[in-house]
Amino acid sequence: MKKIKLSLSLFVLLVFLQFNAQAEPSLPESFSQVLEENKGQVIYLDFWASWCVPCRRSFPWMNTMQEKYTNDNFKVISINLDAQAELAAKFLTDNPANFDIIYDPKGKIARYFKLKGMPSSFIINKQGKVVSAHVGFTDKKKAKYEQEIAQLLQKQSND
Amino acid sequence: MQLIETTEQKQKQKTKPNLKGLLTTATCALLGTQAHAEVNTSDDKWRFDTAIMHYNEADRVTATEAIIAANKTYGNDEVLSLKLTIDALTGASANGAVAQPDAQTFTRPSGNGQYIVEGGETPLDNTFKDTRVQLTGQWTQPLSDVFTISAGGNFSKEYDYMSISGNTNLTRDFNQKNTTLSAGIAYAYDVIEPEGGIPKPFAEMVIAGFGSDEFDQAFADSRLTGDDSKATVDLLVGLTQVINRNMIVQMNYSYSSVRGYLTDPFKVLSVVDVNGYAQSYLHESRPDTRSKHAFYAQSKYHFGHSMLDTSYRYMTDDWEIDSHTFDVRYRVLFASGHYLEPHLRFYSQSAAEFYQPFLQQDDVLPMYASADYRIGELDTYTLGLQYGMPMDSGNSLSMRLEYYHQAPKSDGSASFGVLNDVELYEELDALIAQVTYSF
Amino acid sequence: MIKLFEHTKQVLVVTLVLITSLLSGCSSLGVEPWERDVLAKKEMALPTSAVDAALDDHIYFSKEASSGGRSFGGGGCGCN
Amino acid sequence: MPSQHHQQINTRKVSCQPRVGGFLVSFHAMASQCELLVDCDDQTLAQHLGKIAATEAWRIEDKYSRYQQNSVCGQLNRHAGKPCKIDQETLLLLNFAEQCYQLSDGLFDLTSGVLRKAWHFDGSDNVPNQTDVDALLPFIGWSKVNINKQLLEFTMLKSMEIDFGGIGKEYAVDRTVLLLSQWLSENLLAKANSNKTIPFLVNYGGDLAVNGARANNQAWQIGVERSGLNQTNTTMVTMREGAVATSGDAHRFLLKNGHRYSHVLNVKTGWPVENPPSAITVAAPKCIQAGFLATLALLQGKEAEQFLTEQDIKFWAIRPD
């Protein structure tokens, strides 16, 4: 039995090592610049791709958010992860966006943010700090996301 | 609003900017999104797959099956799938008796009629006619970011058969959804109520004196009850693994245990004398339990303009049937969205321990026996071709044509006398044509 | 079966180790979440078409002695 | 919002005539003949829609005309050199212009109008000299303007000029379609509880858009008349949805020493683009997109058609003989 336990912990260790072995990716400069430019605003940073079904669902919501909170120092920035720009363009024809789109075909920004799934979103406060990370987009989640955004904006105006 | 791009993208833009999509984004910001409101809600609609399939065996069974499957994804990633299947089957099915040099007379399983099979021909009961209606529902929903649960039910009814089943399945994702483990259980309860009742095991088919009271009495004596049932428990554990950007594999182990009436009430065995002449026909008898283990593996590889789908299944059961199924589909994708998919399937099974093509008059009656070629040694192959094309607004149409060939094999028992002159293991050919429309 | 249950604990531990090793083995495989463009294609779904699979299952269930393996299903008929 | 509506309202008339299948509403705005074709049998309704259209067209004309001193455009030009307050709509238009500038790699530029000071396309041989053109270049370039989204301020260099002419008419078409669709859905469709709308076509001097197919699902037939040098060319265009816009003018060019100088100027050099089509009509979902694409195509010179073909954009081009 002891042997089994030992091998078990060995495996856990192996998994751990593998995880740590990856080099820390760095944020592409062009994107840090974007973050710098938008300091002072609450940012909803969204990662999407044309083939991702829930991403399609999130577009009208992000449009609405951008419209609804546009005067409250709020900004939706989305990062497209399609390898081919044509696919993103076609998606955008069907699902128009009224927010900024950054193209990250090689996933450099995505790697930095260590995405767990698609879509992924991050809420960044006015100091430029990521305050929460989310995976997926559902009715339940969008209510939660909006609440977080609203709270952050509230906090901001109270400061 | 400025448009931000990574440097590589910008370079790409210079050579060939993707104006249309980017322009749409810009315009949307200018003119507002109201105008597009109706376009955006296109997601949570019902999706339908409809198919009609025609199955035609040369001189035997003809079946037509129609399916309407509906699918809807809800706002919290729940999926509801409903499916209605209707099939109609007519034609002739081998009754298990061996061919003879002379004509043979059989009583129909219902006791309401008789049929004569010409000399040299494999005896087929040509009165099969059945219509089946099946309703299936499945609900799938995420429990958390990694767990998904699914539960479903199935009800199917035909004239002399009813099946009801339920299943539940739990999956868990690992490694950013690259690995998925699943475990499920299903329970099915089937009732068979053949017209004319359930025959007693090894009861002799009553033939003589058709129409007389004696016949009716003898027929009634050969029957046990009006109906019988069986219960099936299935367990399934599976692993799905993404290998790389182009490849995914799935591996399943499943265990199935059936208990109850597993005999085919319509099948008989010929009892032959030393010269191979049929003396009588006994209703078959099978064990009342069967447990199966199956190992299934499938892999899909996408080459960019084509996709290779291969699968293999190994099944073994305590009736001593082992089978190997090998299936390959190669889909060639055209730029227009059309595709062509050749399909090849090989199947080979060994015989059940109690399978025998006939009984011999002087032999001691075994505990179980069946002459149903479908549990005998058997090789089959399928050759198919599917053609699919996209239609307007995301709809699609596909057609497929398949040729199915069955080659039953001798179980090794030596034939003798007149049996040497007849075909004991008749091969079977079938054509399958199907049209599918999805909208 | 009975013998198996006598050693439930061992079986459990062995299974756990197996799963852990399997998962750690698998963790070196796979793609990043944003690299699923090809896998998201219709033809890469398992099974490619549920309707085709259901029709095939029905045919082979009624013509051969083996069924299932891929998923639940097959059966539900007194096929001849 | 600065507006001269009240002073001009008397000279601004809307007429409504019956035509096959409905009514034709016409008025004059933005130096163009403007039309609204409505497929309905209710003249009052057609007149009302016409009023909505004309009001919007005149509003945009008053707001963005560079000829009106008190328009937003006039104010921006007069205050060039210092920050100028802008409203939300103007911000959106300027943002759009900026995106067009970036998408076109700097070719599409609302500040290019300054070149008019050197170039007079009157059919003569009055080609300016290089010094005159070079003197203007420092005052051209969208990169020299600054839009402050937070403070809603626009700043450009002194002596720079901005001209909404490149997008104004197309914007008016899209706005009109939007307003009419909204009015119809709020006032008619909601009450009748139907989703069948009244088909209409907005045509502001050749830039046009429809809200869908005509009754009986028929396409709109549009004759795009183009006078070439020696001939009159009429292209029939059928439309079920979306918009078309045209860029180009066959009559505006200079001819010197046998060389034809097109009126299509490259903002980077200040000189005419070589061999552009005399006119290009482009189809797109929105008129403002079609307008931008048509202009951008002209700026590609002899590669205009190839450019649009590569982008998979529907177009009709006319070349001088």
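First, a word on what this report is: a plain description of the structure on this page. All values derive from a computational prediction rather than experimental measurement.

## Digging into the interface of chain C and chain B
Each side of the interface is counted separately: chain C has 48 residues, and chain B has 83 residues. In total, chain C and chain B occlude about 5100 Å² of area from one another, counting both sides; carbon and sulfur atoms represent 56% of this. Remark: the boundary between chain C and chain B carries five salt bridges. Its salt-bridge partner being Arg329(B), residue Asp56(C) comes within 3.2 Å of it at the nearest N-O pair. Counting across the chain C and chain B interface gives 31 residue pairs in polar contact (both at pLDDT 80 or more). Elements supplying a minimum of two residues to the side of chain C that touches chain B: helix H2 (8-26) and helix H3 (50-63) of chain C. With ten residues, the single largest contributor to the side of chain C that touches chain B is H3(C). Of the residues belonging to the side of chain C that touches chain B, the class tally is 23 nonpolar, 14 polar and eleven charged.

## Brief notes about the sheet that holds strand S13 (residues 278-283) of chain B
Residues and elements named next belong to chain B. If you trace the three strands from one edge of the open sheet to the other, you get S13-S12-S18, paired in mixed fashion. Looking at which strands have only one partner, the edges of the open sheet turn out to be S13 and strand S18 (359-360). Sheet topology note: the strand S12 (residues 268-272)/S13 ladder contains five bridges and is antiparallel. Considered in S13, the bridge of Val271 is made with Ser280.

## Focus on helix H4 (residues 85-94) of chain A
Restricting attention to buried positions, one finds in H4(A) the residues Ala85(A), Ala88(A), Ala89(A), Phe91(A) and Leu92(A). Angular distribution of buried residues about the axis of H4(A) spans 160°; they occupy a single face of the element.

## Some words on the side chain of Ser66(C)
For Ser66(C), the position within the fold is in the segment after H3. A relative accessible area of 1% means that Ser66(C) is categorised as buried. Within the local environment of Ser66(C), its side chain forms a polar contact with the side chain of Ser323(B), the two groups lying 2.6 Å apart. Here Tyr347(B) takes part through its side chain, which lies 3.0 Å from a polar atom of the side chain of Ser66(C). Those residues within four positions of Ser66(C) in sequence are excluded, and the remaining contacts are Arg313(B), Met315(B), Ser323(B), Tyr347(B), Gln349(B) and Tyr60(C).

## Let's talk about the environment of Lys177(B)
Along the chain, Lys177(B) falls in the loop between strand S8 (161-174) and strand S9 (179-192). Put simply, Lys177(B) and Thr240(B) are 63 residues apart on the chain and 9.4 Å apart in space, counted from C-alpha to C-alpha. Not counting chain neighbours up to four residues away, the residues in contact with Lys177(B) comprise Asp145(B), Val242(B) and Arg36(C).

## Regarding the pairing of strand S8 (residues 207-210) of chain D
All names here are of chain D. Every second residue of S8 is oriented toward a common face, with Asp207 and Ala209 on one face and Leu208 and Val210 on the other, all of them buried. In the sheet, strand S7 (residues 200-204) pairs with S8 via four bridges, with the strands oriented antiparallel. Paired with Asn203 across the strands is Leu208, a residue of S8. Count of turn residues in the S7/S8 antiparallel hairpin: two residues, of which Gly205 carries a positive phi of about 60°.

## Brief notes about the sheet that holds strand S2 (residues 22-29) of chain D
Residues and elements named next belong to chain D. With respect to topology, eight strands assemble into an open sheet ordered S1-S2-S3-S7-S8-S11-S14-S15, the strand pairing being antiparallel. In this open sheet, the two strands that pair with only one neighbour each are strand S1 (15-19) and strand S15 (315-318). Taking the axes of each pair of neighbouring strands and ignoring which way they run, one obtains an average angle of 15° across the sheet. Here strand S14 (residues 279-284) runs beside S15; their pairing, made up of four bridges, is antiparallel. In the strand pairing of S15, Ala279 is matched with Ile318. Each of S8, strand S11 (242-247) and S14 touches helix H7 (residues 287-298); the most contacted strand, S11, lies at about 30° to it.

Scoring rules and cut-offs
- Residues numbered from 1 in each chain as written.
- Chains lettered and ligands numbered in written order.
- Predicted model: local features only at pLDDT ≥ 70, side-chain atom pairs only at ≥ 80, totals over all residues.
- Heavy atoms only, no water.
- Contact = heavy atoms within 4.5 Å.
- Buried area = accessible area lost by both parts, 1.4 Å probe.
- Salt bridge = Lys/Arg side-chain N within 4 Å of Asp/Glu carboxyl O.
- Polar contact = N/O pair within 3.5 Å; in protein donor to acceptor, adjacent residues only side chain to side chain.
- Helix = DSSP H or I, 4+ residues; strand = E, 2+ residues; numbered from the N terminus.
- Nonpolar A, V, L, I, M, F, W, Y, C, P; charged D, E, K, R; others polar.
- Pairing = 2+ DSSP bridges.
- Buried < 20%, exposed > 50% of the residue type's maximum accessible area, 1.4 Å probe, protein only.
- Arc of directions from axis to C-beta.
- Axes fitted to C-alpha atoms, helices over the stretch in contact; angles between N-to-C directions.

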